[in-house]
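# Close look at the chain arrangement
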Protein chains: 2
Amino acid sequence: MKTSVLSFLRRYGSLFLYGVALASLLFLLKWLELRFLFIHYSIELYIGSIALVFTLLGIWLSHKLTRPKVVVLEREVLVPGPGAGVNNEMIARLGISKREMEVLTLIAEGLSNEEIAARLFVSLNTVKTHSSRVFGKMEVRRRTQAIDKARRMGLIP
Amino acid sequence: MKTSVLSFLRRYGSLFLYGVALASLLFLLKWLELRFLFIHYSIELYIGSIALVFTLLGIWLSHKLTRPKVVVLEREVLVPGPGAGVNNEMIARLGISKREMEVLTLIAEGLSNEEIAARLFVSLNTVKTHSSRVFGKMEVRRRTQAIDKARRMGLIP
DNA sequence: TGCAAAATCACCCGAAAGTATGAGCCCAAA
DNA sequence: TTTGGGCTCATACTTTCGGGTGATTTTGCA
């Protein structure tokens, strides 16, 4: 074996060296190419990552800095129309007393003077005076008129 | 002048050349430095512009691809309640006629029988009969009661 | 403590509302 | 054509309402 190798070197030594040198050179070139590619890709990746990061930053900024769109959903709520709340101001302005209001409400509920008297534990005449006073203050002549006007003015629900 | 220059060169020629060479070298170095700075800043600007562009891209993407932020504000809207429409079914069920409904409506508006008679161009007795019939069908004994019940049943607004 | 407003009650009278009964007219459906 | 429902009107009667006047008691407030 040794003899054959030595004779081979002796006979083709320069050629072998040339081959090795060539191979080395090719390896060097390959290494340079890889290095170049590495650098190339490195830059690309760097730029890419920069782009990605700032794209994400943009998205984040967009989410953080844009004011949210306000959508108003109107929810329908059943509310008693004009007679929403009792108009205490109007009652006070007309000078209607507490007892008079009680009588007025009971009138609006359809009770007769006699029934109202029984409900409030007073005499029929008392109810009559109260209702009469209310009518005077409301400037009406009938209880039905009083009911209608009281509703429109919000005196009763 | 020429003589002095030539003599100067002849006496300090090498020194002059040295100075020129030194100056050139310094210029070269300065140029390299400027070039380096240029490259340096170029990279920074490049990266900066990349960042800016992709930040804007991110914002644009955010606007284009994400559904807008929605804040739901619920607002209560007053809606006329059940008494808004006239309950024709109930009217039919009670067997209340058209004329009777007219009288009932006018009663609810606070008109007296006489006023109703004038309004409808009929006699007081006619109004009385109509109202009496309505009261009978509604099972009430007074006009105020009729008003209240009619409201509750949706016969009148 | 005293006063004004509110609440209570009474009596009378006229007006309005409601009941009962009867009857005539008109129109659409059977 | 008959029939029934709706609309009209009248008369008589009862009940309820509303206005007017006057009076006493209670109560809230200064």
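Bear in mind that the values here come from a model prediction, so they are computed numbers and not experimental data.

The rules behind the values
- Residues numbered from 1 in each chain as written.
- Chains lettered and ligands numbered in written order.
- Predicted model: local features only at pLDDT ≥ 70, side-chain atom pairs only at ≥ 80, totals over all residues.
- Heavy atoms only, no water.
- Core = buried A, V, L, I, M, F, W, Y, C linked by side-chain atoms within 4.5 Å.
- Buried < 20%, exposed > 50% of the residue type's maximum accessible area, 1.4 Å probe, protein only.
- Contact = heavy atoms within 4.5 Å.
- Near = heavy atom within 4 Å.
- Polar contact = N/O pair within 3.5 Å; in protein donor to acceptor, adjacent residues only side chain to side chain.
- Helix = DSSP H or I, 4+ residues; strand = E, 2+ residues; numbered from the N terminus.
- Nonpolar A, V, L, I, M, F, W, Y, C, P; charged D, E, K, R; others polar.
- Axes fitted to C-alpha atoms, helices over the stretch in contact; angles between N-to-C directions.
- Parallel < 35°, antiparallel > 145°, perpendicular 65-115°, else oblique.
- Left-handed = near helix turned anticlockwise from the far one by under 90°.

## Things to note about the nonpolar core
- Core analysis: the largest hydrophobic core is formed by 47 residues, its most contacted members being A:Met138, A:Leu155 and B:Met138.
- Aside from chain neighbours lying at most four places away, what touches A:Leu155 is A:Val86, A:Met90, A:Ile91, A:Leu94, A:Ile96, A:Met101, A:Leu104, A:Met138 and A:Ala150.

## Regarding the protein's contact with DNA strand D
- Around DNA strand D there are 18 residues in total, and A:Arg143, B:Ser97, B:Arg99, B:Ser123 and B:Asn125 lie nearest to it.
- Here the atoms of DNA strand D within 4 Å of the protein split so that 67% fall in sugar or phosphate, with bases taking the remainder.
- A:Lys128 is positioned with one of its side-chain polar atoms (N or O) 2.8 Å from a base oxygen of DNA strand D.
- Note that a phosphate oxygen of DNA strand D is positioned 2.5 Å from one of the backbone N or O atoms of A:Arg143.
- Among the elements of the structure, helix H5 (124-138) of chain A together with helix H3 (98-108) and helix H5 (124-138) of chain B are those that each provide at least two residues to the surface near DNA strand D.
- Broken down by element, the surface near DNA strand D gets its largest block of residues, four residues, from H5(B).
- By residue class, the composition of the surface near DNA strand D is two nonpolar, nine polar and seven charged.

## Focus: the packing of H3(B) against helix H4 (residues 113-120) of chain B
Residues and elements named next belong to chain B.
- The contact between H3 and H4 brings their axes to 10 Å, and the two run at 130°. Viewed along their axes, H3 and H4 adopt a mutual orientation that is oblique. In this structure, H3 meets H4 at a crossing whose hand is right-handed. Taken together, the residues of H4 that come into contact with H3 (itself represented by Arg-99, Glu-102, Val-103, Leu-106 and Ile-107) are Ile-116, Arg-119 and Leu-120.
- Looking at side-chain class alone, the contact of H3 with H4 contains five nonpolar, no polar and three charged residues.

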